[in-house]
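# Report on the structure
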Amino acid sequence: MFFRSMIQAVLIGAAVLGAMALPAAAQDRITIKFSHVVTADAPKGKAADYFKKLVEERTNGRVVIEVYPNSQLYKDKEEIEALQLGAVQLLAPAYAKLGSMGLREFEVFDLPYLFDSMKDAQAVTQGPIGQELLKKAETRGITGLAFWDNSFKQMTANRPLRTPEDFKGLKLRIQSSKVLDAQMRALNALPQVLAFSEVYQALQTGVVDGQENPFSNIYTQKFHEVQKALTVTNHGYHGYLLLTNKRFWDELPPDVRGVLTAAIKDSTAYFNSIAKQDDDAALDAIRKSGKTEIVELTPQEKAGLKKALLPVHKMMAARVGDGLIQSIYKATGFDPSTF
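Let me sum up the structure you'll find in this document. Because the structure is predicted, anything quoted here is derived from the model rather than measured. (Residues numbered from 1 in each chain as written. Predicted model: local features only at pLDDT ≥ 70, side-chain atom pairs only at ≥ 80, totals over all residues. Heavy atoms only, no water.)

## Re the overall build of the protein chain
Along the backbone of the protein chain there are 14 helices and nine strands. Taking 2.2 N^0.38 as the reference for a compact globule, 339 residues should give roughly 20 Å; the C-alpha atoms of the protein chain span a radius of gyration of 20 Å, in line with that estimate. A principal-axis box enclosing the C-alpha atoms of the protein chain has dimensions of 65 × 45 × 40 Å. Taking as baseline every contact in the protein chain between residues at least 6 positions apart, the subset at least 24 positions apart corresponds to 76%. Across the protein chain, the mean location of the 41 positive side-chain charges is 2 Å away from that of the 38 negative side-chain charges. (Helix = DSSP H or I, 4+ residues; strand = E, 2+ residues; numbered from the N terminus. Rg over C-alpha atoms; globule rule 2.2 N^0.38 Å. Contact = heavy atoms within 4.5 Å. Lys, Arg positive; Asp, Glu negative; His and termini not counted. Charge placed at Lys NZ, Arg CZ, Asp CG, Glu CD.)

Okay, here's the thing in structure tokens:
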């Protein structure tokens, strides 16, 4: 309790300072802090820097974007609290982090094998379903600005993971998500919640046996250097939700908000254009490094994993909303009864 109180005190203090970034008639310059937990050379880091470039150029320096990558300011859970308090103005967290705020609907994206392709994912995130979900974020004092569709997650461990039996007893790192917890338990693995910034050391020291992430995160965080095997599972969609503090956003001058909105649209297109390219390049770099075994599943092995994991959809229907799951099935043409 003491440690948590100290964190909150720090955040509140930072919020007071962050409030100085709020626009006011007497202020010419607006400073926006954009915090994220990945490296600057990951797709999210590149898109954040691209957004900074666009905004500062288009406002002639009236708006300054300060980007803080790689958990420089806050870890996973802390950054959400910081945004709500106004200590930072922009985040792009993975959807799993929104469940702890009561936005359980966003955990639908954690369901294993929900999408067969990124085209299917974007039919949801960039369509009417995505727009409805963005509106729900405002109930928690935040404004959802855009979906950044990253790629698909892969599994790493110190042994190849070809069948559900291979997962049994492994301690696998997850984000704080009831859906991801159920996913790992469906494979008889032991889910371990850890902040993203702590994963490398946990893998290196054996605190956890493995983890799930896209190739780009695995490579830029060097997870492949402390794992013996990387299994290409493509089992989970991985994306980010660009968020801002609602009060901050609503109080921006309309002309500035208009510039930011256009820059967000362009940055989203940029992110979505480089994500696949960067993910493919990361896999190639991991392969060339020779530091981990790349395990390619046969169609039968992938079908076996999918069959073992699809029951998680029904298990989590009450949490994320059965109607939402069914609407996603309809939008993508997915039929779970075929497995």
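Now, onward.
## Focus: empty space enclosed by the protein
Under the definition given, this model contains three cavities of 30 Å³ or more. Counted as a void, the largest cavity has a volume near 140 Å³. Every residue lining the largest cavity is counted, 16 residues in all, and those nearest its centre are Ala94, Gln175, Phe196, Asn213 and His238. Put simply, the second largest cavity is a space of about 50 Å³. Among the elements that make up the lining of the second largest cavity, the one with the highest residue count is strand 8 (residues 229–245) (three residues). (1 Å grid on protein atoms, 1.4 Å probe; cavity = no way out; pocket = protein on both sides within 12 Å on 5 of 7 lines; lining within 4 Å. Points joined across faces, edges and corners; volume = space filled by probe spheres on them.)

## Quick notes on the nonpolar core
Ranked by internal contacts, the top residues of the largest apolar core, which has 58 residues, are Phe106, Val108, Phe109 and Phe115. In this structure, Val38, Ala92, Val199 and Ile294 belong to the second largest nonpolar core, which totals 47 residues. (Core = buried A, V, L, I, M, F, W, Y, C linked by side-chain atoms within 4.5 Å. Buried < 20%, exposed > 50% of the residue type's maximum accessible area, 1.4 Å probe, protein only.)

## Structural notes on the packing of helix 2 (residues 43–58) against helix 10 (residues 254–289)
The contact between helix 2 and helix 10 brings their axes to 9 Å, and the two run at 150°. Accordingly, the angle class assigned to the pair helix 2 and helix 10 is roughly antiparallel. The two elements helix 2 and helix 10 meet at a crossing, and its hand is right-handed. Side by side, helix 2 and helix 10 meet where Pro43, Lys44, Lys46, Ala47, Tyr50, Phe51, Leu54, Val55 and Arg58 of the first sit next to Val259, Leu260, Ala262, Ala263, Ile264, Asp266, Ser267, Tyr270, Phe271, Ile274, Ala275 and Asp278 of the second. Here the contact of helix 2 with helix 10 is built from residues that sort into 15 nonpolar, one polar and five charged. (Axes fitted to C-alpha atoms, helices over the stretch in contact; angles between N-to-C directions. Parallel < 35°, antiparallel > 145°, perpendicular 65-115°, else oblique. Left-handed = near helix turned anticlockwise from the far one by under 90°. Nonpolar A, V, L, I, M, F, W, Y, C, P; charged D, E, K, R; others polar.)

## Digging into the pairing of strand 7 (residues 210–213)
Residues Gly210 and Glu212 of strand 7 are buried on one face, and the alternating residues Gln211 and Asn213, pointing to the opposite face, are buried as well. When strand 4 (residues 142–157) meets strand 7, the two strands line up antiparallel, connected through three bridges. Following the sheet pairing, Met155 is matched in strand 7 by Glu212. (Pairing = 2+ DSSP bridges.)

## Looking at the pattern of salt bridges
Here the structure, examined in full by the defined rule, presents 19 salt bridges. Among the salt bridges present, the one from Lys291 reaches Glu225, with a minimum N-O distance of 3.4 Å. Pair noted here: Lys291 is in the loop between helix 10 and strand 9 (293–296) and Glu225 is in the loop between helix 8 (215–220) and strand 8, with a separation of 66 residues, a long-range link. Linking Arg247 and Glu251 is a salt bridge whose minimum nitrogen-to-oxygen distance equals 3.2 Å. With Arg247 and Glu251 both in helix 9 (residues 246–251) and four residues apart, this pair spans about one turn of that helix. (Salt bridge = Lys/Arg side-chain N within 4 Å of Asp/Glu carboxyl O.)

## So, the packing of aromatic side chains
Evaluated as defined, the whole model comprises 14 aromatic pairs. With a centroid separation of 5.9 Å and 50° between ring planes, the pair formed by Tyr95 and Phe147 is classed as tilted. Of this pair, Tyr95 sits in the loop between strand 3 (90–91) and helix 4 (118–125) while Phe147 sits in strand 4, and the two are 52 residues apart along the sequence. According to the relative accessible area criterion, Tyr95 is buried, its value standing at 2%. Between the aromatic rings of Phe109 and Phe147, the centroid separation amounts to 6.0 Å while the plane-to-plane angle is 65°, which identifies the pairing as edge-to-face. With Phe109 in the loop between strand 3 and helix 4 and Phe147 in strand 4, this residue pair connects regions lying 38 residues apart in the sequence. Like Phe147, Phe109 is buried. By way of ring pairs, the aromatic residues Tyr95, Phe106, Phe109, Phe115, Phe147 and Tyr237 are connected into one cluster. (Phe/Tyr/Trp six-rings, centres within 6.5 Å; stacked < 30°, edge-to-face > 60°.)

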